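Examination of the molecular architecture
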Amino acid sequence: MAKVSKKPARGRAAPKLAKVGPGELLTLLDFVRYAVSRFVEARLAFAHGTTDPVAEAAFLVCEALHLNPEQFEVFANARVTAAESKILLDLIHKRVTTRKPAAYLVNKIYMRGLPFYVDERVIVPRSFIGELLDSHFGVGGEAGSLIDDPTAVARVLDLCTGSGCLAILAAHHFPNATVDAVDISKGALEVAARNVGDYGLEDRINLYRGNLFAPLGDNRYDLIITNPPYVDAEGMAALPPECRAEPQLAFDGGADGLDVVRRILRDAPDHLTPDGGLICEIGRGRELVDEAFPELPLLWLDTEDSEGEVFWIAAADLG
């Protein structure tokens, strides 16, 4: 789970947004400025693909107007119509008053520049693993590569797939691989199936419903990727309203946050090829993981926005 801003005090009444008069907001930039002011005023949390009020406001405005986020600067000073103005103000109002993640309000999130459908049946994707696939699984023995030749990867497993975004990114990165994706939630797999279909990957991505490795039999994989539930009991009690709108099953990692991680590390050796490996996101629990598994030579990986929140371990080192 990505970083979030400070949780607002309990019992805070939903803010009432003052009416905006006709012609007071004209351009896309005007609406972004207005949204930022309202988001800051309401002390919203940002942890769902955007990490600050400006990025979130621009995301909502662009999605409401059917623009790619990268097009914002081109149209920043363009005027919106009266009908579009109403849509934008309604969307800003919903974000402030419902505290739902912006991705749920527009049913979309971007990972590595690719759009994915999301709704309340899945956690909003914000894994660091997508970036790591690009940076650490290069071609021809690039510095830092964990798997030198992506074309040689034949089978990939995505545990706790949720919306299926990591499975789809893996299918793109490993062009010759079959990808199996598992989730315990029927609703999550329905969302994943929609995304897999949107990218035309039904022949390469297989969706399984079950508890971790249970539905996979004796299948073995060259790579296992997983972003499992890892929030501890204290963290669950302190989740901001935005995160409480998401499936709690996708967060809850037990008392210390490691319940699911322990099971994955225990069973992964039975599902990896000899030269395979596991990449697992654990959030800010590195110290706990290192203490719980001192015998494992875990390699902690950094991204542009994280430090030591994802680990890699080769099959040979898992025993």
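Predicted model only: the values in this text are computed from it and were never measured.

Of the regular secondary structure elements, the protein holds 13 helices and nine strands. By the compact-globule yardstick of 20 Å for 319 residues, the protein fits well, its C-alpha radius of gyration being 21 Å. For the protein, the C-alpha atoms occupy an extent of roughly 65 × 40 × 35 Å along the three principal directions. Taking all 319 residues of the protein together, 51% fall into the buried category. The long-range fraction of contacts in the protein, counting pairs at least 24 apart against all pairs at least 6 apart in sequence, stands at 68%.

Let us look at the side chain of H271. The topology assignment puts H271 in the loop between α11 (259-267) and β7 (272-281). Residue classification places H271 among the buried positions, given a relative accessible area of 7%. Excluding its chain neighbours within four sequence positions, the residues that come into contact with H271 are F213, G217, N219, R220, Y221 and I224.

What follows is about the confidence of the model for the protein. On average, residues of the protein score 91 in pLDDT, and 93% of them reach the 70 mark or higher. Confidence drops under pLDDT 50 across residues 1-11; counting only partners more than four residues distant or on other chains, this segment forms 35 contacts.

To continue, consider the environment of N219. As for its placement among the helices and strands, N219 is situated in the loop between β5 (205-209) and β6 (221-226). On the accessibility criterion, N219 (22% relative accessible area) is partly exposed. For the pair N219 and E190, spaced 29 residues apart in sequence, the C-alpha to C-alpha distance is 23 Å. Not counting chain neighbours up to four residues away, the residues in contact with N219 comprise R155, D180, D270 and H271.

Conventions adopted
- Residues numbered from 1 in each chain as written.
- Predicted model: local features only at pLDDT ≥ 70, side-chain atom pairs only at ≥ 80, totals over all residues.
- Heavy atoms only, no water.
- Helix = DSSP H or I, 4+ residues; strand = E, 2+ residues; numbered from the N terminus.
- Rg over C-alpha atoms; globule rule 2.2 N^0.38 Å.
- Buried < 20%, exposed > 50% of the residue type's maximum accessible area, 1.4 Å probe, protein only.
- Contact = heavy atoms within 4.5 Å.
- pLDDT = per-residue confidence, 0-100.

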